[in-house]
Amino acid sequence: MSAQDAAPTILEVLIVGAGFSGLAMAIRCKQAGIGPLRVIEKAEGIGGTWHENTYPGAACDVPSHLYSLSFAPKADWTRMYAPQAEIRAYLRETAERNGLMPLIQLKTAFTGATWDEARALWQVETDRGPLTARVIVSGMGGLHHPAYPDLPGRDSFAGPAFHTAVWDHSVALAGKRIGVIGTGASAIQVVPELAKVAAHLTLFQRTPPWIMPKHDHAIAEATQARYRRLPLLRRIERARLFWLHELRALFGFTKVSKLTKQAEGLARHHLAKAVKDRDLRAKLTPNYRLGCKRVLISDDYYPTLQRPNVTLETGNIARITESGVTLADGTAHELDAIVYATGFDVTGSFARMDLVGRGGLRLADAWAGGGMGAYQGITVAGFPNYFMLLGPNTGLGHNSIVSMIEVQVQHVLDCLSALRRGARDIEVRPEAQARFLDRIRARLADSIWQAGGCRSWYLDAEGRNTTLWPDSVMAYRRSARRARMADYRLG
Ligand code: N01
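Residues numbered from 1 in each chain as written. Predicted model: local features only at pLDDT ≥ 70, side-chain atom pairs only at ≥ 80, totals over all residues.

### Topic: the nonpolar core
Inside soluble globular proteins, nonpolar side chains tend to come together where they are buried.
Working step 1: In this structure, L14, A26, A133 and I136 are the most contacted members of the largest nonpolar core, which totals 85 residues.
Working step 2: Residues in contact with I136, not counting those within four places in the same chain, are L14, V16, A113, W122, V124, N385 and Y386.
Working step 3: One finds A58, Y302, I320 and A337 within the second-largest nonpolar core, a separate group that totals 34 residues. (Core = buried A, V, L, I, M, F, W, Y, C linked by C-beta atoms within 7 Å. Buried ≥ 20, exposed ≤ 12 C-beta atoms within 10 Å, placed from the backbone. Contact = placed C-beta atoms within 7 Å.)

Okay, here's the thing in structure tokens:
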């Protein structure tokens, strides 16, 4: 029976999104015997970002054994950095193994929800009809609404043009003149793959990224077998990787420091080793502090830019035309296809949710003055029984996001326990939220994202960082893993 057929009248917990965070929450709820439970997912498959981002070369830039759920281990990751298809398969297998499939309703987009004070329930709107739930847990994340550049003439291009996050697999790009706009994490993965098949690839760079070596490699079958036989070994490997990444935050990489200079030296060395041509190297050298944008890792990006069929274009794009891209200086690049590797509308994707809480308060209005913000990045005063996984200020620049998700899942479970003990609703106290936000905003004031001389999706239109956690994962664990009931009001 499908989730729709089995529709209970009132769900105890509605989880939105069947990616890493939604699945983690569902597994933990199921293990705790919480129900009726439902997961709705707008896509036609499981995996969230790993279902949607299918561009050639898509892979994770966090090591596989770290980028997986601690309570759903996988011994046989085939590479140090897993390719997209393997992560998507892992998430599907995890859902199946934990009996989640009957609870997941695909092709169902959450469009909004209104708090019904009299019944202490959320009236939820989806594009497949309404639902009623006592608790909503959002596992939507922020990186799922593709951002397209606001360039004149964008619709006039005659050939195929699409975003990395919505790859059009019906378009054969082999032998074509391809233009790629953007040089972020998605671009540096897709460009080497496209360059292998393109007649010519022109990469339009506005800002060069800082890039470190990746050292990706296959994990030998003997190692996989050892991890299968000896789970303790795999756990040690995971812990080793965690601390290796965590050290960056513990040593102050969230600030401009002496270490920033040293890391920049390493990245420059990587560039100098890979690119001998002085002019090309100059174009690829960032003019802002390392860490201000996401630090990228790649072994094949710099070599790709030196292929005879690749051009790195650093001139400003003036417009898109019917036949390609024209620069501000008048240079015209004739193209057969354009790939937008231009990232995501993060702030917009949260604001787009039509969430109406207590007393008719809209989430967009609650955030209108100071920008997005939530207690522990998880819940907002005025929105009882509503929790976010990977909400504001809980993204990471230095470690696996999965470790943040696991902290948040535990926090939400604590809140759900309070409801199970008889409370009608649970809502964070405004003063606790204000204290939390003051604390992290003070830490963010001189962070590298603000002081590093760059702009990125980490910052909102007013230049506030409402996306990243300004400290280590361990600090977040201490702050958020257990829900302090003194910070909550139980109704
Ligand atoms: O997007 P981005 P992304 N004209 O926003 C350029 C995650 N991720 O999809 O730097 C010209 O980083 C823009 O230029 P600039 C990860 O969290 C993870 O690559 O603003 N260029 C930039 O170069 C990551 O941080 C993995 O000057 C324009 C690029 O487009 C996040 O997703 C893999 C432009 C956008 O880069 C987003 O990464 C992939 C314009 N008008 C992604 N507008 C993993 O491996 C934008 N740009 C886990």
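And the narrative resumes.
### Looking at helix α13 (residues 430–444)
Working step 1: Between its terminal C-alpha atoms α13 stretches 21 Å, which fits the 21 Å expected from 15 residues at 1.5 Å a residue.
Working step 2: Where α13 is concerned, the buried positions are Q433, F436, I440 and L444. For α13, the buried positions fall inside an angular range of 75° around the axis, keeping them on one side. Of the residues in α13, the exposed ones pointing more than 90 degrees away from the buried face are E431, R435, D438 and A442.
Working step 3: Looking at the buried residues of α13, the elements they touch are β19 (426–428) and α14 (448–451). (Helix = DSSP H or I, 4+ residues; strand = E, 2+ residues; numbered from the N terminus. Expected span 1.5 Å × (residues − 1). Arc of directions from axis to C-beta.)

### Here we look at the domain arrangement of the protein chain
Working step 1: Domain boundaries in the protein chain define domain 1 (3–145 + 345–490) and domain 2 (154–210 + 254–340).
Working step 2: The gap between the C-alpha centroids of domain 1 and domain 2 is 31 Å.
Working step 3: Across the boundary between the two partners, domain 1 contributes 21 residues, which contact 23 residues of domain 2.
Working step 4: Counting residues per element, the side of domain 1 that touches domain 2 draws most heavily on α14, at three residues.
Working step 5: For the side of domain 1 that touches domain 2, the class distribution of residues is nine nonpolar, eight polar and four charged. (Domains from an automatic or database assignment. Nonpolar A, V, L, I, M, F, W, Y, C, P; charged D, E, K, R; others polar.)

### Digging into the sheet that holds strand β14 (residues 324–327)
Working step 1: Here we have three strands laid out as an open sheet, ordered β13-β14-β15, and antiparallel in their pairing. Each edge of the sheet is formed by a strand with only one pairing partner; in this case those strands are β13 (317–321) and β15 (332–334). Along the sheet, successive strands turn relative to each other by an average axial angle of 20°, direction set aside.
Working step 2: Pairing between β14 and β15: three bridges, direction antiparallel. Each residue of the ladder has a partner; that of T326, found in β15, is A332. (Pairing = 2+ DSSP bridges. Axes fitted to C-alpha atoms, helices over the stretch in contact; angles between N-to-C directions.)

### Some remarks on the packing of helix α1 (residues 20–31) against helix α12 (residues 401–420)
The angle between the axes and the distance between the axes are what describe a pair of packed helices.
Working step 1: With their axes 10 Å apart at the nearest point, α1 and α12 run at an angle of 40° to one another. The angle between α1 and α12 falls in the class oblique. As α1 runs across α12, the sense of the crossing is right-handed. Taken together, the residues of α12 that come into contact with α1 (itself represented by F20, S21, A24, M25 and R28) are V402, I405, E406, V409, V412 and L413.
Working step 2: Across the contact of α1 with α12, the residue classes tally to eight nonpolar, one polar and two charged. (Parallel < 35°, antiparallel > 145°, perpendicular 65-115°, else oblique. Left-handed = near helix turned anticlockwise from the far one by under 90°.)

### Observations regarding the environment of L100
Working step 1: Topologically, L100 is positioned in the loop between α3 (84–97) and β3 (104–105).
Working step 2: Taking C-alpha positions, L100 is 44 Å from V256, a pair spaced 156 residues apart along the chain.
Working step 3: Non-local contacts of L100, meaning those with residues more than four positions away in its chain, are made with L23, A26, I27, K30, V39 and A95.

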